[in-house]
Amino acid sequence: MICQKIVTLAAFVTAPLLCETLPNDLKLKVESKAKLLLAWSTDPTIVAAVKAHNASLSAAEQAMTNDKWKALTQLDPFVRSYSKNDVALYLKSKKDETISEAFVSGADGTKVAFLAKTTSWSHKGRDKHQIPMSGKTWYGPVEVDESSGTQQIQVGFPVLDGAKPIGSIVVGLAVAKLR
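Analysis parameters
Residues numbered from 1 in each chain as written. Predicted model: local features only at pLDDT ≥ 70, side-chain atom pairs only at ≥ 80, totals over all residues. Heavy atoms only, no water. Phe/Tyr/Trp six-rings, centres within 6.5 Å; stacked < 30°, edge-to-face > 60°. Helix = DSSP H or I, 4+ residues; strand = E, 2+ residues; numbered from the N terminus. Buried < 20%, exposed > 50% of the residue type's maximum accessible area, 1.4 Å probe, protein only. Core = buried A, V, L, I, M, F, W, Y, C linked by side-chain atoms within 4.5 Å. Contact = heavy atoms within 4.5 Å.

**Describing the packing of aromatic side chains**
To describe a pair of aromatic rings, one takes the distance between the centres and the angle between the planes. What the rule picks out here adds up to seven aromatic pairs. Each ring, one from Phe78 and one from Tyr82, has its centre 5.2 Å from the other, and the planes form 65 degrees; the classification is edge-to-face. With Phe78 and Tyr82 both in helix H5 (residues 77–83) and four residues apart, the pair spans about one turn of that helix. For Phe78, a relative accessible area of 18% translates into the label buried. With a relative accessible area of 5%, Tyr82 lands in the buried category. Taken together, a centroid distance of 5.4 Å and an interplanar angle of 50 degrees make the contact between Phe78 and Trp121 tilted. A residue pair is termed long-range when its members are at least 10 positions apart, and Phe78 in helix H5 and Trp121 in the loop between strand E3 (111–114) and helix H7 (127–133) qualify at 43 residues. Here a set of aromatic residues connected by ring pairs shows up, and it is made of Trp69, Phe78, Tyr82, Phe114 and Trp121.

In structure tokens form, the structure reads like this:
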């Protein structure tokens with residue numbers, strides 16, 4: 001397992017990003033891909049969707065909990081609305097073979113859009129959301145993701161309205177496809 005490093009957006013290019021326990025070739029590939037994905041932080045389509053989500057949660061969104069979420073199938077209309085909305089379709093258009101998962105969350109940690117149903121409805125209180133909400137990039141360990149079944153490294157970025165974090169984006173990078 002690699003340990004987690006936090007990097008401010010300003011220091012993103014120059015700071016050491018991943019622990020030395022990750023093979024150097026893989027570390028360089030993760031760093032390179034993360035630099036490209038950082039553009040999603042200020043992408044107008046993503047920013048607009050997060051701002052709209054933050055401004056008005058539906059009653060169903062407010063009532064959803066992680067326990068209720070886990071009981072829903074991928075075919076549930078509520079779940080499908082997050083994998084079929086404009087931002088989800090936009091994420092799909094940006095996806096390549098190295099991306100095993102991607103999801104966008106609002107300021108409260110609840111979902112705005114995703115490629116496929118996530119394990120949790122809300123990531124509030126978890127580093128993958130909280131660190132990006134402080135304006136920093138988060139790197140997770142190499143792990144097998146519960147929702148995708150893929151060995152991956154998750155990278156979390158803030159969604160920025162100007163310089164202000166208003167949500168987060170987490171992208172899973174498939175280790176096998178990066179090699």
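**Details of the nonpolar core**
If you look at the biggest cluster of nonpolar residues, it comprises 33 residues, and the most contacted ones within it are Trp40, Ile46, Ile99, Val104, Val159, Val171 and Leu173. In this structure, Trp40 is in contact with Ile46, Leu91, Lys94, Ile99, Ala102, Ile169 and Val171, ignoring residues within four places of it in sequence. Of all hydrophobic cores here, the second largest spans nine residues; its members include Phe78, Tyr82, Phe103 and Val170.

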